[in-house]
Amino acid sequence: MKSSLLLVAFVAVVPHALFAKAEADQPNVILVMPDDLAYGDYSCLGNPVLKTPSVDAFRKESLLFTKFHVSPTCAPTRAALMSGRHEFKNGVTHTILERERMSLDTFTMPQMLKTAGYATGIFGKWHLGDEEPYRPESRGFDEVYIHGGGGIGQTFPGSCGDAPDNTNIDPTLWHNGRFVKTEGYCTDLFFDQALEWMDERRRSKQPFFAYVSLNAAHGPHVIPDEYCRRLGDEGVSDGLARYLGMVENIDWNFGKLLAKLKEWNLEDDTLVVYLGTDNGGGISRRIFDSGLRGGKNSVTQGGTLAPCFVRWPAGGVPAGATCDALTAHLDLFPTLAEIAGAPTTPQIQRQVEGRSLLPLLKNPKAEWPDRTLVHHTGRWKTGNAARSKYAKSSIQNSRFTLVGNEELYDLEADPGETKNVIDEYPEIAERLAATYDRWWIDVQPRFVNEDAVGPAVNPFQELYYEQFGGSPSAEDLKKMSRHLREGDDEAETRAAKRRARRASKAGGPAAD
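Keep in mind that what you see is a predicted model, and the values were worked out from it rather than measured.

Rules of the game
- Chains are numbered independently. Their residues run from 1 in the order of the written sequence.
- Where local features are concerned, this predicted model is filtered to residues with pLDDT of at least 70; where side-chain atom pairs are given and counted, the filter is 80 or more; whole-chain, interface and lining totals use all residues.
- Based on all heavy atoms of the structure, the side-chain values leave hydrogens and waters out of the count.
- The secondary structure listing takes helices from DSSP runs of H or I that are at least 4 residues long and strands from runs of E that are at least 2 residues long, numbered from the N terminus.
- Buried residues are those whose accessible area, probed at 1.4 Å on protein chains only, stays under 20% of the maximum for their type, while exposed residues exceed 50% and partly exposed ones sit between those limits.
- We call two residues in contact whenever any of their non-hydrogen atoms come within 4.5 Å of each other.
- Note on aromatic pairs: the rings of Phe, Tyr and Trp (six-membered ring only in Trp) are paired at centre separations within 6.5 Å, and the planes decide the class, stacked below 30 degrees, edge-to-face beyond 60, tilted for the rest.
- Note on pairing: two strands pair once DSSP finds at least 2 bridges between them.
- Helix axes are fitted to C-alpha atoms over the stretch in contact, other axes to C-alpha atoms as well, and angles between N-to-C directions run from 0 to 180 degrees.
- Small angles under 35 degrees read as roughly parallel and large ones over 145 as roughly antiparallel, with 65 to 115 read as roughly perpendicular and the rest as oblique.
- When residue character is reported, Ala, Val, Leu, Ile, Met, Phe, Trp, Tyr, Cys and Pro are called nonpolar, Asp, Glu, Lys and Arg charged, and the others, Gly included, polar.
- Here, expected helix span is obtained from the residue count minus one, scaled by 1.5 Å.
- Residues enter a nonpolar core if they are buried and are Ala, Val, Leu, Ile, Met, Phe, Trp, Tyr or Cys, with the set joined through side-chain atoms within 4.5 Å.
- Only one rule defines a salt bridge in this text: a Lys or Arg side-chain nitrogen within 4 Å of an Asp or Glu carboxyl oxygen.
- Values of pLDDT, ranging from 0 to 100, describe the predictor's confidence in every residue of the model.

Trainee: What should I look at first to understand the overall build of the chain in this one?
Mentor: Looking only at helices and strands, the chain features 15 helices and 16 strands. Buried residues in the chain amount to 61% of all 512 residues. In the chain, 73% of the contacts between residues at least 6 apart in sequence involve partners at least 24 apart.

Here it is as C-alpha cells:
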C-alpha cells in the first residue's frame, strides 16, 4: 500500500527534565532478561506444562506491564535497552555480520548510571560486539562475566563468535579481561557471579546496577539431565523438555536471587525488573502460544510482546497490579535515568526516544498519550537495506498495527491478528504508513554497519588462543569464512538451511 499523505515528524520523547532524586533515595537496580522465551512461558501466564513458582510469586509482588514490546530478535533488543532508542539508530540491523555491533557514539545505560554513582555489572549475554571497543567493559560496565557471540559456542563470519568448543556446561567465560574455565551450568554460573558481586557492592554501600542478561533458553539446548528429568518423565519430548528445563532453571535461580535480597534486607530498596523475554519464542509455542501470532523473527505481536514485571516497594510500585499502556524496552533507559537522578545532557536528549515509566509505576492508570512503535526484523542480505523497507516490518499504536504496509489489524478486537481490516480503516492505515515512511527516512543515516568487514578470526577465539595457546580449527576457520560476510546469497541460504536442520534435530530455533 502506498501512502499519499505528507510525511509527519517522528517525535522522540525524552526523559523528564528534572532529575532531583537524592543519592540516599537511589535504589539498587536489577534487570533480569531470559533469551528466546515465548510470552506465555510462565505458569502464571497460562502455560499448562511449565512450573515457574518464583516468577508466579513475583507476579503477586510486582506490577505487570501487559503491552510491553521488545524487538523481534536478540541483539536488536539489547541495543534498544542499552540506548533508549530504536536499535536501527544504533546501527544494529542484524544479529551477525558486524551488524550486531552497537555504534560507538551510543551513550549506554551503564554509562548513564555511572554518572549517578552506580556500580555496574553484566552477567550472561552481551551480543552487541565482541571487538574490544564494543565489549561491555568499554561501554560502561565495571564487572563483566559473559560469553561471546549470540549463543554459547556459536561461530560466525567476522567478529561475532564465542570461545572455541564452548558449551552451556562448564563454559569458558570472559571475566574482566580474561577467560576463566568454569565448572557448572551457565545459568547457575551467571546468577551466582551476579550475587557474589552484588554482595560486595552492598557491603561497600554503593548502589548497583546488575544486568543479568541470560543466554538461556537460546539454543543449543544443552542442559544437565537432572534439570529436565521431570518433564521427560511426564512424556515431553527430549528436545522440548531440554528447552523447558532451561526455563524452569531460570525460574529457580531467579527465586534464589529474590531470597538473597530478602536475606540482605534489600527487598524494599531494590528495583527489580524481570523482562520475560528478549523476543518471541519458538519451540514452546507448539504447546502454548498465548493466542498470539508469530514468534521470534516476526513483527506480529507474538514476536515482540514480552511480559515485564517491576517490583519496587519503597518506590510505591503497586503489588499484584497490571498496566495496559503501550510500553517498550526503550522506555527503561529514561525510567532508570529519572529514578537514579542521572544528570540529563544534550546527548541524552538527542538520543533517547523512550518515555519514563515512572508515572505508570506510581499509578498504572495514569494518563499515557498514545504513541507509535516500529518493529522491523532487519536481517536483510548484505547490501539489501534500501530494498527492505517493508520486509518484516510493522508499525503500531495502542489499538492498530500495520504489518508489511499491507495488513491492518485491530488489536483490541483481534489480539491474535487473524482478520485484515485495512479496507475498513483506510485512513488509519494511511496515517500509520505516513509515520513509518518518515521513520524509515530518519533511520537511514544510522545504518553505520551495513558495509563493515570484520576480522578473519573471531576476536573471542583470537583472545582465547592468545591466553591458552593453540589456533582455530579448520572447521571454525570455515565458519568464519568471508564468503558469508561478503553477501554470497547462495552461501547464506545453504548456511540457513544447515542451521535449520541442526535446530530441528536439537529441538530448538535455528540460530541468532
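Trainee: How should the packing of aromatic side chains be read in this particular structure?
Mentor: Here a ring pair, both rings aromatic, is described through the centre-centre distance and the interplanar angle of the planes. Taken as a whole and assessed by the stated rule, the structure comprises 29 aromatic pairs. Taking 5.7 Å as the distance between ring centres and 45° as the angle between the ring planes, the aromatic pair formed by Trp-174 and Phe-460 counts as tilted. Residue Trp-174 is located in strand β6 (residues 172–175), and its partner Phe-460 is located in helix α12 (residues 459–468); the two are separated by 286 residues in the primary sequence. Take Trp-174 and Phe-460: they sit in the same class, and that class is buried.

Trainee: Looking at this model, I keep getting lost on the pairing of strand β8 (residues 208–213). Mind explaining?
Mentor: Looking along a regular strand, one sees side chains alternate from face to face of the sheet. Across the six residues of β8, six count as buried, placing the element largely inside the fold. Of the two faces of β8, the one holding Phe-208, Ala-210 and Val-212 and the one holding Phe-209, Tyr-211 and Ser-213 are both buried throughout. Both strand β1 (residues 28–33) and β8 contribute to a ladder of five bridges, which runs parallel. Bridging from a neighbouring strand, Leu-31 pairs with Tyr-211 of β8. Sheet analysis places strand β4 (residues 119–125) next to β8, joined by six bridges and oriented parallel. Paired with Ala-119 across the strands is Phe-208, a residue of β8.

Trainee: Can you walk me through the side chain of Thr-327 in this structure?
Mentor: For Thr-327, the position within the fold is in strand β12 (residues 327–328). For Thr-327, a relative accessible area of 0% gives the class buried.

Trainee: Looking at this model, I keep getting lost on the packing of helix α1 (residues 53–61) against helix α6 (residues 238–263). Mind explaining?
Mentor: Between α1 and α6, the shortest axis-to-axis distance is 7 Å and the interhelical angle comes to 50°. With respect to their mutual orientation, α1 and α6 come out oblique. Contacts between α1 and α6 involve Pro-53, Ser-54, Val-55 and Phe-58 on the former and, on the latter, Asp-251, Trp-252, Phe-254, Gly-255 and Leu-258. Partitioned by chemical class, the residues of the contact of α1 with α6 number six nonpolar, two polar and one charged.

Trainee: Hey, could you run me through the sheet that holds strand β14 (residues 393–396) in this one?
Mentor: Either a parallel or an antiparallel arrangement is found when strands of a sheet pair, and the pairing is made through backbone hydrogen bonds. With antiparallel pairing, four strands are arranged side by side in an open sheet as β13-β14-β15-β16. Looking along the sheet, the strands with just one partner apiece sit at the ends: β13 (373–376) and β16 (407–410). Taking the axes of each pair of neighbouring strands and ignoring which way they run, one obtains an average angle of 15° across the sheet. Of the strands in this sheet, β13, β14, β15 (400–403) and β16 touch helix α11 (residues 426–443), which is tilted by about 60° from β15.

Trainee: What should I look at first to understand helix α4 (residues 186–203) in this one?
Mentor: Count 3.6 residues to each turn of an α-helix, and residues three or four apart come out pointing the same way. Look at α4: 26 Å from first C-alpha to last across 18 residues, which is about the 26 Å you get at 1.5 Å a residue. Most of α4 is tucked away, with 13 of its 18 residues classed as buried. One or two residues past the end of α4 sits Lys-205, with phi positive at roughly 65°.

Trainee: Which parts of the structure should I look at to understand the nonpolar core?
Mentor: The nonpolar side chains of a soluble globular protein tend to be buried with one another. By size, the foremost hydrophobic cluster in this structure holds 59 residues, and its most contacted members are Phe-65, Met-112 and Phe-209. Met-112 has contacts with Phe-107, Phe-333, Leu-336, Ala-337, Ala-342 and Ile-348, leaving out every residue within four places of it along the chain. Within the second largest apolar cluster, 53 residues are counted, among which are Val-55, Trp-197, Val-247 and Leu-258.

Trainee: Could you clarify how one ought to interpret the pattern of salt bridges in this entry?
Mentor: For side chains of opposite charge, pairing can occur when their charged atoms come near one another. Using the criterion set out here, one finds 28 salt bridges in the structure. Among the salt bridges present, the one from Asp-35 reaches Lys-125, with a minimum N-O distance of 2.5 Å. With Asp-35 in the loop between β1 and α1 and Lys-125 in strand β4, this residue pair connects regions lying 90 residues apart in the sequence. Note on accessibility: Asp-35 and Lys-125 belong to one class, buried. Note that Lys-260 and Glu-263 form a salt bridge whose closest N and O atoms lie 3.4 Å from each other.

Trainee: Help me understand the sheet that holds β1, please; the structure alone is not making it clear to me.
Mentor: Across the sheet, which stays open at both edges, the 10 strands sit in the order β7-β6-β5-β4-β8-β1-β9-β10-β2-β11 with mixed pairing between neighbours. Two strands in the sheet have a free side with no partner beyond their single neighbour: β7 (178–181) and β11 (321–323). If you compare each strand with its neighbour and ignore which way they point, the axes differ by 15° on average. Alignment of β4 against strand β5 (residues 143–147), held across five bridges, turns out to be parallel. Each residue of the ladder has a partner; that of Gly-121, found in β5, is Glu-143. Its contacts with the sheet put α1 on β2 (63–65), β9 (270–275), β10 (308–311) and β11, and the angle it makes with β10 is roughly 60°. In the packing of α4 onto the sheet, the strands contacted are β1, β4, β5, β6 and β8, and the crossing angle to β4 comes to about 175°.

Trainee: Teacher, can you tell me more about α12 here?
Mentor: All of the buried residues along α12 are Pro-459, Phe-460, Gln-461, Tyr-464 and Tyr-465. Residues of α12 that are buried sit in contact with β5, β6, β7 and α13 (474–479). Looking one or two residues beyond α12, the residue adopting positive phi is Gly-469, at roughly 90°.

Trainee: Got a minute to help me understand the confidence of the model for the chain in this structure?
Mentor: Do not read the fine detail of predicted coordinates wherever pLDDT is low. For the chain, the average pLDDT comes to 91, and 89% of its residues sit at 70 or higher. Within the model, the stretch residues 484–497 combines pLDDT values under 50 with 24 contacts to residues more than four positions away or in other chains. Below a pLDDT of 50 lies the segment residues 499–511, which in the model reaches 20 contacts outside its immediate sequence neighbourhood of four places, other chains included.

Trainee: I would appreciate a short explanation of the pairing of β16 in the present structure.
Mentor: In this sheet, β16 lies alongside β15 in antiparallel orientation, the contact comprising four bridges. Looking across to β16, one finds that Thr-401 is bridged to Tyr-409. Here β15 hands over to β16 after three residues, with Gly-404 in that stretch at a positive phi of 60°.

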